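Chain and residue survey
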Amino acid sequence: LENNTTVTSLDLWACGVSAEDGLVVAEMLKKNRTITNVNLGSNKLYDVGCRAMAEVVAINTTLRALLLHANGITTHGVLPLLKALGRNVALQNLV
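Residues numbered from 1 in each chain as written. Predicted model: local features only at pLDDT ≥ 70, side-chain atom pairs only at ≥ 80, totals over all residues. Heavy atoms only, no water.

Turning our attention to the packing of helix α1 (residues 19-31) against helix α2 (residues 46-59). As a packed pair, α1 and α2 sit with axes 8 Å apart at the nearest point and diverge in direction by 5°. Judged by the angle between their axes, α1 and α2 are roughly parallel. Of the residues in α2, those in contact with A19, G22, L23, V25, A26, L29 and K30 of α1 are V48, G49, A52, M53, E55, V56 and I59. Taken together, the residues of the contact of α1 with α2 break down into ten nonpolar, two polar and two charged. (Axes fitted to C-alpha atoms, helices over the stretch in contact; angles between N-to-C directions. Helix = DSSP H or I, 4+ residues; strand = E, 2+ residues; numbered from the N terminus. Parallel < 35°, antiparallel > 145°, perpendicular 65-115°, else oblique. Contact = heavy atoms within 4.5 Å. Nonpolar A, V, L, I, M, F, W, Y, C, P; charged D, E, K, R; others polar.)

Put into structure tokens, the structure is as follows:
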């Protein structure tokens, strides 16, 4: 999906996405400029995956919605995400 020009939404809700899988998704989202909505809710990203998503939020200006709820994320994962939000003016929905 890195070079995708068609798919705009990625719904991986409750698909058993692990922290390692989250790193792969994050690398793809760093390069993708078409996907605007990503649902990774109810998976197993934990803080590692959340920090990877923070890197995405810091550089991806296409993403409008990122759903990360119910992933076992603590303040160690949330703080980098909050910092990244300060650099992102495009993201409208973060759960």
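On we go from here.
Our focus in this paragraph is the sheet that holds strand β4 (residues 93-94). In space, the four strands of this open sheet follow the order β1-β2-β3-β4, with parallel pairing throughout. At either margin of the open sheet sits one strand with a lone partner, and together these are β1 (9-11) and β4. Direction of pairing for strand β2 (residues 37-39) relative to strand β3 (residues 65-67): parallel, over a ladder of three bridges. Within the sheet, the bridge partner assigned to N39 lies in β3 and is L67. (Pairing = 2+ DSSP bridges.)

Nonpolar side chains collect at one region of the surface, where V78, L79 and L82 lie side by side and expose about 270 Å² of accessible area between them. Tracing the backbone shows V78 in helix α3 (residues 75-85). You can call V78 partly exposed: its relative accessible area is 33%. (Patch = residues over 30% accessible without salt bridge, like charges linked within 9 Å, V, L, I, M, F, W, Y side chains within 5 Å. Areas by Shrake-Rupley, 256 points an atom, 1.4 Å probe, with all protein chains shown as cover. Salt bridge = Lys/Arg side-chain N within 4 Å of Asp/Glu carboxyl O. Buried < 20%, exposed > 50% of the residue type's maximum accessible area, 1.4 Å probe, protein only.)

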